Amino acid sequence: MDLIDKLKKDFSEIYNSEPDVIIRSPGRAEIIGNHTDYNNGYALAAAITDATFAALKKRNDGKIRVISKTFKLEQPIEFSLTQIAKDDSNNWSNYVRGIVKILLNQNFSLTGADIFLTSSVPISGGLSSSAALEVAIAKGMLELHGYEIDPLKLAELCQKAENEFVGSPCGLLDQASVVFAKENNLVFLDFLPDNSKPLSQIKNIPFKINDANLSLVVIVDKNVKRELGESGYPERRKMCEESIPFWKESLGREIKSLRDITSSEFNTYKESLKTKNPKMCMRVEHIVFENERVLNSIKALNSEDYTTFGKLLTESGKSALELYELDEETPELTFIFRTGKTLPGVRGIRNMGGGFSALALALVDTNQMSQFKENLASAYSKQFAGTLNFIPFQAAEGASLC
Ligand code: GLA
C-alpha cells in the first residue's frame, strides 16, 4: 500500500470517512546562511525528503479535531473556532491552533475540519518539523475552504502563527524554505524587505553535486535537545538588534540591520565593538561573514567548485559554534562537527538551524560515505550514550497538494 492509501485508510479508521484534501509538507535543510534571516540577510536552503502529511476533511460545525500519529494520540484533540487557546499539555497542537487562529484573524472564513497528521521529519530541532506542520495545516485549511493564497503570504502567516501564538521569535527561513523549495534545487532567499514584502529575492539554484560524486547527509542524535534553545535563540537575536546603534554611530549613516555592514567595515570597528561588548562582537562577526559566505557559496555552486563550497560550509559551522556559540551546553554538536571534519572524504560540515541540538550536515565524497558514517557513529558512541542517525539528503519539492 502506498503512503497516500495508508493515510486515507488511517483517516477513515479514525473519522469514518475519506479526507477531502491531503498535503505533503517537507522539513527543510539550512544549507548555509545561519541566523541571517532575522538580520535581513541571505540564506540557501532546501526541502528534505522527510515530510509531514496532513489529511483534512471539512466540518461545518465550527470545530477542529486533530489527531497526530507522530505523537501517538488515541483520541483527537478538539477545539472550537470561537475559542482558541494554547494547550501546554500538547505543545505540538499549538502550531495547529495558532495557524487556525491566524487564518481566522485574517478574515478567512473557516467552518471546521477533521485532521489527521503523520510525519517522518525528526522533531529534535534543526530540520524544522514545526514549519512543516504549520505549512501543512495552513495550506490544507485554505485548500479545504476554497482559498488560493500567494505563497509568500502563506509563509508569512505561518511565521506569524509561530511568533504570535506559539511564542517563538523565529525568522522566516523555515516557512519560506518549506513553501518555495524545488526538487533538485537549492532556494536562495534574500531577507531584505521589499516594500511590504519580507523577502526581496527568491531564486532557485540547480544543485548537481551527485554528478560530481558528492553527497550531502544529515547527521542527528534525535534525543539531544536542550531547553536552552528556548532562551538562546531570542537572546542572540536581541543582541544583533542591539548592536545597530553602535554601527549607526560608528559609520555615521542609516543602518537598518546587520545586512548593511560589510566585512571590511566590521574589521575596521571590530576592536572598538569588542571593547564595548565582546559577546556582541562575536555575534555580529558571525552574521556579517555568514552573509558573505552565502553569496560566495552561490558563486562556487555556479562554477561547480565544490571544494570551495565545502570549505564555506565548514567555515560557517566553525563560526556558528565558536562565535554564535550554538553548541552551548551541547557537547554532542561540538563533537560531531570537530570529529566529522577530520574524517576521510569529508568536504564540508556544519550545524543547521537554530542550534542547541545535535544536528549537522556534511558534504562527503559519495564513495566514502559508508565509511564516514561508520567512523563517525563509532567515535560518537564511545563518547555519548545516544546513537547517530544519518539521513541521506536529496533536495525535494516544497509543500504540495497530493
Ligand atoms: C531556526 C529559525 C529560523 C532561523 C534558523 C537559523 O530554524 O526558525 O528562522 O533563524 O533557526 O538560521
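Starting afresh in each chain, residues are numbered from 1 along the sequence in its written order. Given that the model is predicted, a residue must reach a pLDDT of at least 70 before its local features are reported, and side-chain atom pairs must reach 80 or more before they are shown or counted; all residues, however, enter totals for whole chains, interfaces and linings. Only hydrogens and water are set aside; all other atoms, that is, all heavy atoms of the structure, feed into the side-chain values.

**Overview of the overall build of the chain**
Rules: Counting from the N terminus, the helices are the DSSP runs of H or I reaching at least four residues and the strands are the DSSP runs of E reaching at least two. Buried, partly exposed and exposed residues are distinguished by accessible area as a fraction of the type maximum, computed with a 1.4 Å probe on protein chains only: under 20%, between the cut-offs, and over 50%, respectively. Contacts: residue pairs with any heavy atoms within 4.5 Å of one another. Charge convention: Lys and Arg are scored as positive, Asp and Glu as negative, and His as well as the terminal groups of each chain are ignored. Just so you know, the charge point we use is NZ for Lys, CZ for Arg, CG for Asp and CD for Glu.
Secondary structure assignment for the chain yields 12 helices and 12 strands. Dimensions of the chain, computed from the C-alpha atoms along their principal axes, are close to 65 × 50 × 40 Å. Buried positions account for 57% of the 402 residues belonging to the chain. In the chain, the proportion of contacts linking residues at least 24 apart, taken out of those at least 6 apart, comes to 71%. The distance from the centre of the 47 positive side-chain charges to the centre of the 53 negative ones in the chain is 1 Å.

**Focus on the site of the ligand**
Applied cut-off: In these notes, residues near a molecule or strand are those with any non-hydrogen atom within 4 Å of it. Any N or O atom pair separated by 3.5 Å or less is treated as a polar contact, with the protein-specific requirement of one donor-capable and one acceptor-capable atom, and with residues adjacent in sequence counted only for side-chain atom pairs. Here the open area of atoms and residues is found with the Shrake-Rupley method and a 1.4 Å probe, where only the protein chains shown may cover a residue. Nonpolar residues are Ala, Val, Leu, Ile, Met, Phe, Trp, Tyr, Cys and Pro. Charged residues are Asp, Glu, Lys and Arg, and all others, Gly as well, are polar.
Taken together, 14 residues lie around the ligand, and Glu30, His35, Asp37, Asp174 and Tyr233 are the ones closest in. Take Arg28: an N or O atom from its side chain is 2.9 Å from an oxygen atom of the ligand. Gly354 is positioned with one of its backbone polar atoms (N or O) 3.0 Å from an oxygen atom of the ligand. Here the ligand, which alone exposes 310 Å², has 94% of that area covered by the protein. Of all elements in the fold, only strand E1 (21–32) and helix H5 (173–180) reach the threshold of two or more residues within the shell around the ligand. Taken together, the residues of the shell around the ligand sort by class into 4 nonpolar, 6 polar and 4 charged.

**Description of the environment of Asn302**
You can see Asn302 is positioned in helix H9 (residues 278–302). For Asn302, a relative accessible area of 57% translates into the label exposed. Each C-alpha atom, one on Asn302 and one on Arg283, is 29 Å from the other, the two residues being 19 residues apart in sequence.

**Quick notes on the packing of helix H10 (residues 306–322) against helix H11 (residues 331–340)**
Rule in force here: Only C-alpha atoms enter the line fits that serve as axes; for helices the fit covers just the stretch in contact. Angles between N-to-C directions range over 0 to 180 degrees. If an angle is under 35 degrees, it is roughly parallel; if it is over 145, roughly antiparallel; if it lies from 65 to 115, roughly perpendicular; otherwise it is oblique. Crossing chirality is assigned from the near helix's rotation relative to the far helix, an anticlockwise turn below a right angle marking it left-handed and a clockwise turn marking it right-handed.
It is the contact of H10 with H11, at a shortest axis distance of 11 Å, that shows an interaxial angle of 150 degrees. When the interaxial angle is binned, H10 and H11 end up roughly antiparallel. Remark: the crossing between H10 and H11 carries left-handed chirality. Residue-level contacts link Thr314, Gly317, Lys318, Leu321 and Glu322 of H10 to Leu333, Thr334, Phe337 and Arg338 of H11. Of the residues belonging to the contact of H10 with H11, the class tally is 3 nonpolar, 3 polar and 3 charged.

**Describing the environment of Phe309**
Structurally, the position occupied by Phe309 is in helix H10. Judged by its relative accessible area of 0%, Phe309 is buried. Measuring from C-alpha to C-alpha, the distance between Phe309 and Leu56 comes to 41 Å, with 253 residues separating the pair along the chain. Not counting residues up to four positions away in its chain, the partners in contact with Phe309 are Ile31, Phe207, Ser297, Ala300, Leu301 and Leu363.

**A few points about the pattern of salt bridges**
Where charged atoms from two side chains of opposite charge come close, those side chains can pair. To keep it simple, the criterion reads: Here, a salt bridge means any side-chain nitrogen of Lys or Arg that lies within 4 Å of a carboxyl oxygen of Asp or Glu.
The tally for this structure, following the rule as stated, stands at 26 salt bridges. Here Lys238 makes a salt bridge to Glu242, at a shortest N to O gap of 3.5 Å. Of this pair, Lys238 and Glu242 both sit in helix H6 (residues 228–242), 4 residues apart, which is roughly one turn of that helix. The partly exposed category is assigned to Glu242, whose relative accessible area is 43%. Each of Glu30, Glu290, Arg293 and Arg350 takes part in a single network of salt bridges with overlapping partners.

**Focus: unusual backbone geometry**
Unlike most non-glycine residues, Asn107 shows phi in positive territory, near 70 degrees. As for its placement among the helices and strands, Asn107 is situated in the loop between helix H2 (93–105) and strand E5 (113–119). When its relative accessible area of 68% is taken as the criterion, Asn107 is described as exposed. If you check the backbone angles, Glu325 has positive phi at about 50 degrees while not being a glycine. Relative to the helices and strands, Glu325 is located in the loop between H10 and H11.

**Remarks on the sheet that holds strand E9 (residues 346–351)**
Note the threshold: Here, a strand pair is defined by DSSP locating no fewer than two bridges between the strands.
As summarised here, the arrangement of the 4 strands in space is E9-E10-E8-E11, forming an open sheet in which the pairing is antiparallel. Because the sheet does not close on itself, it has two edges, and the strands there are E9 and strand E11 (389–393). Mean inter-strand twist for the sheet, computed between neighbouring axes without regard to direction, equals 25 degrees. Relative to strand E10 (residues 357–365), strand E8 (residues 214–225) is paired through 8 bridges, and the arrangement is antiparallel. Bridge pairing links Leu216 to Leu363 in E10. Taken strand by strand, H10 contacts E8, E9 and E10, and its axis lies near 30 degrees from that of E9.

**A closer look at the pairing of E10**
Looking down a regular strand, the side chains alternate between one sheet face and the other. Summarising burial for E10: 9 of the 9 residues are buried, a large majority. The alternating pattern of E10 places Ser357, Leu359, Leu361, Leu363 and Asp365 on one face and Ala358, Ala360, Ala362 and Val364 on the opposite face, and all of these are buried. Pairing between E9 and E10: 5 bridges, direction antiparallel. Residue pairing in the sheet places Arg350 in a bridge with Leu361 of E10.

**A word on the environment of Gln75**
Looking at the element boundaries, Gln75 is found in the loop between strand E3 (63–68) and strand E4 (77–80). The class for Gln75 is exposed, based on a relative accessible area of 60%. Linking Gln75 and Ile14, residues 61 residues apart in sequence, is a C-alpha distance of 8.7 Å.

**Focus: the nonpolar core**
In plain terms, the rule: The set of buried Ala, Val, Leu, Ile, Met, Phe, Trp, Tyr and Cys residues whose side-chain atoms join them within 4.5 Å is what this entry labels a nonpolar core.
Judged by nonpolar contacts, the single largest core of 52 residues is most densely connected at Val96, Ile115, Leu117 and Met141. Non-local contacts of Val96, meaning those with residues more than four positions away in its chain, are made with Val66, Phe79, Ile115, Leu117, Leu133 and Ile137. In this structure, Cys170, Leu273, Val364 and Tyr380 belong to the second largest nonpolar core, which totals 45 residues.

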